[in-house]
Amino acid sequence: MGTPILVSEVGPRDGLQSIKSILPTEQKKRWIDLQVAAGFREIEVGSFVPAHILPQLADTAEIVEYARQIEGLTVAVLVPNVKGAEAAIAAGAHKISLPLSCSETHSLKNVRRTHEQMIEAATTIAELIKAQPEGNRPHFEGALSTAFGCTIEGEVPEGKVVELAERLMKAGCDEVGLSDTSGYAHPVQVKQLIKAVRAAVGDENLTGLHLHNTRGLGLANAMAGLELGITTLDSSLGGVGGCPFAPGASGNIVTEDLVFMLEAMGYDTGVDIEKMIELRKEVAAMLPDEEFYGFLSEAGPPKGWRGF
């Protein structure tokens with residue numbers, strides 16, 4: 001067995017929030033079932049945002065309740081504020097991510113909050129979690145979005161990312177994650193920023209990356225993270241998704257291609273390649289008007305493929 005890498009599927013949240021199609025609740029549940037059957041252990045199933053803003057995710061509470069019943073699955077959600085966190089805790093989510101945009105302009109457009117307001121929200125959410133019975137407290141991640149650059153502001157200073165990471169940890173987050181919301185990152189920058197943030201908050205408090213493939217560097221950036229010991233990588237089935245509040249920021253890294261790369265290199269994702277390919281076909285059929293990306297699904301595994 002190779003080094004274990006957690007591939008966290010974000011399609012049911014990051015993918016669906018970025019497309020016009022509204023997937024029926026029962027089909028979302030089917031998607032989750034198929035993903036688990038293929039060997040995935042963590043799925044971001046939705047986001048607790050007002051339905052009038054993202055009607056695609058209006059059924060997140062029901063989806064969380066359903067997914068919680070699946071043994072061995074970590075049910076993750078995104079929350080934009082304290083109210084969303086309260087709903088996530090009430091629904092029983094295992095993992096909560098709060099997006100803090102390192103670009104304050106993007107933060108104002110994305111969640112309508114300044115940096116100070118988001119740090120205050122993080123502090124309040126951490127207190128809410130601590131108030132829960134032991135054993136029933138969700139894991140709390142501070143997700144540093146636009147960490148590598150912003151389509152609105154352009155360059156985001158490394159020092160600002162480090163400062164916000166430190167403040168999120170001080171506010172009570174269990175960890176921080178780096179998100180390439182705009183698809184601006186390149187491998188050297190990925191390594192530099194990981195090192196800088198870890199120097200401030202500790203290696204154990206930065207283990208995950210959320211990457212986009214907007215400029216074709218998604219897998220290269222994932223490799224850069226792996227070389228520094230990153231153990232969790234977010235991806236979306238078919239590369240569906242992006243950020244509706246960051247112009248031009250489209251294209252999560254493709255789950256199928258990421259898993260194949262990892263398995264081919266000897267990492268252990270726990271994912272069955274053939275089942276994953278069939279999963280893609282069924283979910284693509286659920287969303288006939290949406291474009292799916294990636295290469296593995298077209299070429300298939302190499303002849304004689306056995307994996308490691």
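What you see is a predicted model; the values in this text were computed from it and never measured.

Draft legend 1. Focus on the pattern of salt bridges. Scanning all chains against the criterion turns up 13 salt bridges. A salt bridge links Lys-29 to Glu-62, with the shortest nitrogen-to-oxygen separation between them at 3.1 Å. Separated by 33 residues along the polypeptide, Lys-29 in helix H2 (residues 25-37) and Glu-62 in helix H3 (residues 60-67) bring together distant segments of the chain. Residue Glu-62 is classed as partly exposed on the basis of its relative accessible area of 38%. Salt-bridge contacts for Glu-256 lead to Arg-280; the nearest nitrogen and oxygen are separated by 2.6 Å. Here Arg-280 lies in helix H11 (residues 273-286) and Glu-256 lies in helix H10 (residues 255-264), a separation of 24 residues in the sequence.

Draft legend 2. Structural view of the nonpolar core. Within the largest apolar cluster, 88 residues are counted, with the highest numbers of intra-cluster contacts made by Leu-178 and Val-197. Every residue in contact with Val-197, bar those within four places of it in the chain, is listed here: Val-161, Val-162, Ala-165, Val-176, Leu-178, Gly-202 and Leu-206.

Draft legend 3. Quick peek at unusual backbone geometry. Despite not being glycine, Arg-112 shows a phi value in the positive range, around 60°. Within the secondary structure layout, Arg-112 lies in the loop between helix H5 (104-110) and helix H6 (115-130).

Draft legend 4. Region of the structure containing the pairing of strand S7 (residues 206-210). Burial runs high along S7: 4 of the 5 residues are buried. As defined by bridge partners, strand S6 (residues 175-179) adjoins S7 across 4 bridges and the pair is classed as parallel. Opposite Val-176, over in S7, you have Leu-206 as the bridge partner. After leaving S6, the chain enters helix H8 (residues 187-201) and then returns to the sheet as S7, a path that is right-handed. Examined bridge by bridge, S7 and strand S8 (residues 232-235) share 3 bridges and lie parallel to one another. Residue Leu-209 lies in a different strand from S8, and its bridge partner there is Leu-233.

Conventions used here
Residues numbered from 1 in each chain as written. Predicted model: local features only at pLDDT ≥ 70, side-chain atom pairs only at ≥ 80, totals over all residues. Heavy atoms only, no water. Salt bridge = Lys/Arg side-chain N within 4 Å of Asp/Glu carboxyl O. Helix = DSSP H or I, 4+ residues; strand = E, 2+ residues; numbered from the N terminus. Buried < 20%, exposed > 50% of the residue type's maximum accessible area, 1.4 Å probe, protein only. Core = buried A, V, L, I, M, F, W, Y, C linked by side-chain atoms within 4.5 Å. Contact = heavy atoms within 4.5 Å. Pairing = 2+ DSSP bridges. Right-handed = clockwise from strand over helix to strand, strands pointing away.

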